[in-house]
Amino acid sequence: AAAAAPSLKNAALLRPGVLQATRIFHTGQPNLAPVPPLPEHGGKVRFGLLPEEFFQFLYPKTGVTGPYVLGTGLILRLLSKEIYAITPETFSVISTIGFLVYIVKKHGASVGEFADKLNEQKIAQLEEVKQASIKQIQDAIDMEKSQQALVQKRHYLFDVQRNNIAMALEVTYREQLHRVYREVKNRLDYHISVQNYDASEGTRAHDKLGGEACGAEHLCTAGEGNSRQVHCRSKAARKEGSSSASYVNTSIPIKTARNS
Amino acid sequence: MNENLFTSFITPVILGLPLVTLIVLFPSLLFPTSNRLVNNRFVTLQQWMLQLVSKQMMSIHNSKGQTWTLMLMSLILFIGSTNLLGLLPHSFTPTTQLSMNLGMAIPLWAGAVITGFRNKTKASLAHFLPQGTPTPLIPMLVIIETISLFIQPMALAVRLTANITAGHLLIHLIGGATLALMSISTTTALITFTILILLTILEFAVAMIQAYVFTLLVSLYLHDNT
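What counts and what doesn't
- Residues numbered from 1 in each chain as written.
- Chains lettered and ligands numbered in written order.
- Predicted model: local features only at pLDDT ≥ 70, side-chain atom pairs only at ≥ 80, totals over all residues.
- Heavy atoms only, no water.
- UniProt positions renumbered as here; feature names shortened; annotations may be inferred.
- Helix = DSSP H or I, 4+ residues; strand = E, 2+ residues; numbered from the N terminus.
- Buried < 20%, exposed > 50% of the residue type's maximum accessible area, 1.4 Å probe, protein only.
- Contact = heavy atoms within 4.5 Å.
- Areas by Shrake-Rupley, 256 points an atom, 1.4 Å probe, with all protein chains shown as cover.
- Phe/Tyr/Trp six-rings, centres within 6.5 Å; stacked < 30°, edge-to-face > 60°.
- Lys NZ or Arg CZ within 6 Å of the ring centre and 35° of its normal.
- Axes fitted to C-alpha atoms, helices over the stretch in contact; angles between N-to-C directions.
- Parallel < 35°, antiparallel > 145°, perpendicular 65-115°, else oblique.
- Left-handed = near helix turned anticlockwise from the far one by under 90°.
- Nonpolar A, V, L, I, M, F, W, Y, C, P; charged D, E, K, R; others polar.
- Buried area = accessible area lost by both parts, 1.4 Å probe.
- Salt bridge = Lys/Arg side-chain N within 4 Å of Asp/Glu carboxyl O.
- Polar contact = N/O pair within 3.5 Å; in protein donor to acceptor, adjacent residues only side chain to side chain.
- Core = buried A, V, L, I, M, F, W, Y, C linked by side-chain atoms within 4.5 Å.

In the annotation of an unreviewed UniProt entry, the entry for chain B reads ATP synthase subunit a, and the organism field reads Bos taurus. Under Sequence similarities (unreviewed entry), UniProt gives the following word-for-word description of chain B: "Belongs to the ATPase A chain family." Recorded in UniProt under Catalytic activity (unreviewed entry), the annotation for chain B is "H(+)(in) = H(+)(out)".

An unreviewed UniProt entry annotates chain A as ATP synthase subunit b of Bos taurus. Turning to chain A, the UniProt record has this under Sequence similarities (unreviewed entry): "Belongs to the eukaryotic ATPase B chain family."

So, in structure tokens, the structure goes:
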């Protein structure tokens, strides 16, 4: 599979990827096995150079001072046999390495923290974009939910409106009914007053009554519903030939209020 | 290895094979590339520094000049790293060799000037005469400006070489003085040693400053010509 897959390895005669034959681009897993994770901290060292394991190795035989005695002896041997000669370069070595060690000891931790902060800022920036997106979607979901809840309660509004309309219709109907009643009553009253006037013209004196307007007064005092009916009918029976009388022949049961 | 003052400037050869190639190529190992978003501290710091330097240095150019960014950034990294590595004991600094500095300066300067002459001929020729010169002085001034133009690559190369070489020499000499004074009077030796420490600090600064100056001047020549 590694040879057959199209890759840089098989691209040309000399196979330009031949040096990196184990790293085929994008045709499979980047590593050959689940690579074990790297440890978080490196191995412990003393003096920045000598691993701790060396000291532990010598400890059973020579104790704590063993490695130090070994180191001192080695350095003194190098110096005394002039394997390492003291030259002007030595002083530049001392000053340069001393300067570097001083700088690292003083500012090493803060530089490391600065690097960590840079990385954290990068991640925080992307995280913020992600969180903003999530928050936006969450807000949209909440708004949608609240709007759905509102829709559920919309029938209250319609009920209220329906009731309002029904009330308005009822009111209009009653109003019209009342108007009809009043009109009819008006006409009937007119006829009754005319009849009363005609009837009373013969029986009473004109000036005693003081005008035909009083006919209405008599009417008001005389009338409860059925009595007026009887009254009208009796008057109508006496009269003949007046067109208004025929009007009143029909017996209409009219419920009158006191103040109509 | 250090019999006289010249030994630290001899190009290293092992068994006839030029070791200097490896020495010149070595600083590239110190700048790892990484395609990750979150890197280790080393790479993070390098990327941050590179971003800082490139923003500061390339913002003055137009889009044509900014195509030189890769060249200038690798230039400053190379010169800075080779200078700093040369301060370590017993190491060889390639930038002390005039040959190499000339090899860096002349092509870069010539590239900038020829670009200017090809694309903006009138403006490039106009650089030979500063504004507002009185008429009798014009011929002389043109000659002087031409000389100053052609001396630019020489100045670039020699400046870098001289600074680094002089620094190394001084360190060597003062170290030798300390050594000689140790047997005579220890106090004076200590004073000399203090001077040596201060000089080392100066040399670290000079190493980085020279890299910066070199790159800055090249970018300036570029700015004039794009």
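Student: Go over the overall build of chain A, please, and point to the residues and values.
Tutor: On a plain count of helices and strands, chain A comes out with eight helices and two strands. Along chain A, helices (α) and strands (β) appear in the sequence β-β-α-α-α-α-α-α-α-α when read from the amino end. When the 260 residues of chain A are sorted by exposure, 17% land in the buried category. Residue pairs at least 24 apart in sequence account for 39% of intrachain contacts in chain A once pairs closer than 6 positions are excluded. Working note: accessible area of chain A is about 21200 Å², and carbon and sulfur atoms make up 62% of it.

Student: So, the packing of aromatic side chains: which residues are in play, and what are the values?
Tutor: Residues and elements named next belong to chain A. Counting across every chain of the model gives seven aromatic pairs over all chains. With a centroid separation of 6.1 Å and an interplanar angle of 85°, the aromatic rings of Phe54 and Phe55 are classed as edge-to-face. Of the residues examined, Phe54 reaches a relative accessible area of 32% and is grouped as partly exposed. Classification of Phe55 by relative accessible area gives buried; the value is 6%. Members of the aromatic cluster, each reached through a chain of ring pairs, are Phe47, Phe54, Phe55 and Tyr68. Residue placement shows Arg46 over the ring face of Phe55; its charged tip is 4.1 Å from the ring centre.

Student: Which residues make up unusual backbone geometry, and what values do they have?
Tutor: With the exception of glycine, most residues fall at negative phi, and the peptide bonds are largely trans. The backbone of A:Glu82 shows a phi angle near 55°, a positive value even though the residue is not glycine. Locating A:Glu82 in the fold gives a position in the loop between helix H2 (66-80) and helix H3 (88-152). With a relative accessible area of 53%, A:Glu82 lands in the exposed category. Notably, B:His90 is not glycine yet its phi reads approximately 60°, a positive angle. Relative to the helices and strands, B:His90 is located in the loop between helix H3 (69-86) and helix H4 (98-119).

Student: Which residues make up the UniProt feature "transmembrane region" (unreviewed entry) in chain B, and what values do they have?
Tutor: All names here are of chain B. Summarizing the sequence annotation, UniProt attributes the feature "transmembrane region" (unreviewed entry) to residues 6-31, 67-86, 98-117, 137-158, 164-184 and 196-222 in the numbering used throughout. The distance separating the terminal C-alpha atoms of residues 67-86 is 30 Å; by composition the span is 90% helix and 0% strand. Structurally, residues 98-117 comprises 100% helix and 0% strand, and the distance from its first C-alpha atom to its last is 28 Å.

Student: An account of the packing of H3(B) against helix H7 (residues 186-225) of chain B is needed here, citing residue identities and associated values.
Tutor: Residue and element names in this part refer to chain B. The N-to-C vectors of H3 and H7 enclose an angle of 160°; their axes lie 8 Å apart at closest approach. Of the possible angle classes, the one that applies to H3 and H7 is roughly antiparallel. Crossing hand, H3 versus H7: right-handed. Between H3, through Leu72, Leu75, Ile76, Ile79, Gly80, Asn83 and Leu84, and H7, the contact on the second element is made entirely by Phe204, Ala207, Met208, Gln210, Ala211, Tyr212, Phe214, Thr215, Val218 and Ser219. Classifying every residue of the contact of H3 with H7 by side-chain character gives 12 nonpolar, five polar and no charged.

Student: Which residues make up the interface of chain B and chain A, and what values go with them?
Tutor: The partner chain A presents 24 residues to the 26 residues of chain B that form the contact. Taken together, both faces of the contact between chain B and chain A bury some 2300 Å²; the carbon and sulfur share is 77%. Area buried by chain B at its contact with chain A is led by B:Leu37, B:Arg41 and B:Leu179, which between them contribute 21% of it. Joining chain B to chain A, the criterion identifies one salt bridge. When the shortest N-O distance is used, the salt bridge between A:Asp116 and B:Arg41 registers 2.7 Å. Viewed at the interface, chain A and chain B are joined by seven residue pairs in polar contact (both at pLDDT 80 or more). At the level of secondary structure, the elements contributing two or more residues to the side of chain B that touches chain A comprise helix H2 (41-58), helix H6 (138-182) and H7 of chain B. Of all the elements, H6(B) adds the most residues to the side of chain B that touches chain A, at seven residues. Among the residues forming the side of chain B that touches chain A, the class breakdown is 15 nonpolar, 10 polar and one charged.

Student: Outline the nonpolar core, listing residues and values.
Tutor: Residue and element names in this part refer to chain B. With 27 residues, the main nonpolar core has Trp68, Leu75, Ile79, Met104, Leu156, Phe214 and Val218 as its most contacted residues. Where this core is concerned, the elements lending two or more residues are H2, H3, H4, H6 and H7. The element contributing the most residues to this core is H4, with seven residues. Among residues more than four places away in sequence, those in contact with Ile79 are Met104, Leu160, Ala211 and Phe214.

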